[in-house]
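Here is how the chains run, residue by residue.
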Amino acid sequence: MYIDVNTIDAYAICMHHDEDNLNNWRTLFPHVKIQEAVIGKKVDITDTNIVAPLTRFQLNHHSKNDSIYAVPSVGGIGCYLSHLECMKKCISLNKPIIVIEEDVKFNEKSRSVITNALQDVPDDSKYVSLMYIRQNKNSKYNSTFCKILGDNSGFQCYLIFPEGAKIILKHALPITTQIDLFVGVLLHLYPEFIGYALDERLYSFSEIFMDNLSTDIQSFAVKKYLPSGNIFYVIVVLFIITLVSIIIYQNKN
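Think of each chain on its own: its residues are numbered from 1, step by step along the sequence as written. For this predicted model, a pLDDT threshold of at least 70 governs which residues receive local features, and a threshold of 80 or more governs which side-chain atom pairs are given and counted, while totals over whole chains, interfaces and linings are taken from all residues. Side-chain numbers come from the whole structure's heavy atoms, not from hydrogens or water.

Focus on the pattern of salt bridges
Every case where a carboxyl oxygen of Asp or Glu lies within 4 Å of a side-chain nitrogen of Lys or Arg is listed as a salt bridge. Tallied over the entire structure, the rule returns 6 salt bridges. Across the pair Lys95 and Asp9 runs a salt bridge, and its minimum N-O distance is 3.0 Å. In this pair, Lys95 is assigned in the loop between α3 (74–93) and β3 (97–101) and Asp9 in the segment before β1 (10–14), connecting sequence segments 86 residues apart. Taken together, the salt bridges that share partners define one network made up of Asp9, Lys33 and Lys95. Strands here mean DSSP runs of E at least two residues long; helices mean DSSP runs of H or I at least four residues long; both are numbered from the N terminus.

This is the structure in structure tokens:
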């Protein structure tokens, strides 16, 4: 499937933007428009039709840092709802659109890689991740794309089709987790919702780190990024016990 970057409608979700950002996005997607972000502070989080009780609890409790699946702030609520507005745009237009988050900046490499990739998008695509933080669960599709099996992470820039937008909107409310992770859950649970990601990462670790420092949506917590499997913690405990034993033995001798 061929997607023409010069003609496709694109929407940049912005709370604040300047002409430099807009001009940068237009170097890749000339028809980009501004999608005003939903302000999280203005959302009634007591409305259980919008925010699930567990999510509201996490927002008002330290447990928001317990898991990457926890919604970290009311800013995350605004982000979630902003992306849903883009899904509605996609459905009303009845054609695929590009969605861009405010902190995205395209460089020469990303423009080239995305332009080339969109010339041959898998025909059964409902969602295609173009820039992301990480994709943990995927399978190789071809030299350009991998198929997402779940744990989609990062909504920096993506291509969404009306069929995919309808599935997301059908299950989207009330809010239970962050929008990118929620889409990963749907990709895992519903075989008809087919998603791909660029095999080449265009959003670097340094960019992720700097954006996390400047955003009011995320709150960094080491606990959220530690492995969930027991083996990691068993190895750490055994290492500490071994190290302490060696120190005690050397002191005795």
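Next comes the rest of the write-up.
Digging into the nonpolar core
Only buried residues count toward a nonpolar core. Its members are Ala, Val, Leu, Ile, Met, Phe, Trp, Tyr and Cys residues joined through side-chain atoms within 4.5 Å. Type-normalised accessible area, obtained with a 1.4 Å probe on protein chains alone, sets the label of each residue: buried when under 20%, exposed when over 50%, and partly exposed for intermediate values. Counting residues in each nonpolar core, the largest one holds 37 residues, and the members touching the most others are Tyr127, Ile160 and Ile168. Elements represented by at least two residues in this core include exactly β1, α3, β3, β6 (145–153), β7 (157–160), α5 (162–171) and α6 (179–189). Among the elements that take part in this core, α3 stands out by supplying 8 residues, more than any other. Residues Leu22, Val104, Cys157 and Leu159 belong to the second largest nonpolar core, which totals 32 residues.

Describing α5
Within α5, the full set of buried residues consists of Pro162, Gly164, Ala165, Ile167 and Ile168. The elements touched by buried residues of α5 are α3, β7 and α6. By definition, residues are in contact when any of their heavy atoms lie within 4.5 Å.

Describing the side chain of Asp9
Here Asp9 falls in the buried class, since its relative accessible area comes to 12%. N or O atoms closer than or at 3.5 Å make up a polar contact, with two conditions inside protein: a donor-capable atom paired with an acceptor-capable one, and, for residues adjacent in sequence, both atoms drawn from side chains. Polar contacts involving the side chain of Asp9 include one to the side chain of Lys95, which spans 3.0 Å. Ignoring anything within four residues of it in the chain, the contact list for Asp9 reads His31, Lys33, Leu93, Lys95, Ile97 and Ile98.

Brief notes about the pairing of strand β5 (residues 134–140)
Any two strands between which DSSP finds at least two bridges are classified as paired. As paired strands, β5 and β6 are joined by 6 bridges and run antiparallel to one another. Residue pairing in the sheet places Arg134 in a bridge with Ser153 of β6. Connecting β5 to the antiparallel partner β6 that follows it, the hairpin turn spans 4 residues.

A few points about the environment of Val51
Topologically, Val51 is positioned in the loop between β2 (32–36) and α2 (53–59). For Val51, a relative accessible area of 0% corresponds to the buried category. Residues Val51 and Ile175, 124 residues apart in the sequence, show an inter-C-alpha distance of 4.7 Å. Excluding residues within four positions of it along the chain, Val51 makes contact with Ile45, Arg56, Ile77, Pro174 and Ile175.

Quick look at the packing of α3 against α5
Geometry of a packed helix pair, given as the angle between the helix axes and the separation of the axes. Here an axis means a line fitted to C-alpha atoms, over the contact stretch when the element is a helix, while the angle between two N-to-C directions is reported on a 0 to 180 degree scale. One can describe the packing of α3 onto α5 by two numbers: an axis separation of 9 Å at closest approach and a directional angle of 135 degrees. Relative to α5, the element α3 is oriented oblique. Between α3 and α5 the crossing geometry is left-handed. On α5, the residues touching Leu84, Met87, Lys88, Cys90 and Ile91 of α3 are Pro162, Ala165, Lys166, Ile168 and Leu169. When the residues that make up the contact of α3 with α5 are grouped by side-chain class, the tally is 8 nonpolar, no polar and 2 charged. Working definition: roughly parallel below 35 degrees, roughly antiparallel above 145 degrees, roughly perpendicular at 65 to 115 degrees, and oblique for all remaining angles. The hand of a helix crossing depends on one turn: near helix anticlockwise from the far one by less than a right angle means left-handed, and clockwise means right-handed. Note on residue classes: Ala, Val, Leu, Ile, Met, Phe, Trp, Tyr, Cys and Pro are nonpolar, Asp, Glu, Lys and Arg are charged, and everything else, Gly too, is polar.

Some words on the packing of aromatic side chains
Only Phe, Tyr and Trp rings take part, Trp by its six-membered ring, and two of them pair if their centres are within 6.5 Å. Stacked means planes under 30 degrees apart, edge-to-face means over 60, and tilted covers everything else. Going through the model one piece at a time under the given rule, you end up with 7 aromatic pairs. Ring centres 5.6 Å apart and planes at 50 degrees place the aromatic pair Tyr127 and Tyr158 in the tilted group. Here Tyr127, found in strand β4 (residues 127–131), pairs with Tyr158, found in strand β7; they are 31 residues apart in sequence, far enough to count as distant. On the basis of relative accessibility, which here comes to 0%, the residue Tyr158 falls in the buried class. Between Tyr141 and Tyr196, the aromatic rings sit 4.9 Å apart at their centres with planes inclined by 65 degrees, giving edge-to-face as the arrangement. Here Tyr141 is found in the loop between β5 and β6, whereas its partner Tyr196 is found in strand β8 (residues 195–198), with 55 residues between them in sequence.

The quantities given are spatial measurements derived from coordinates; they are silent on function.
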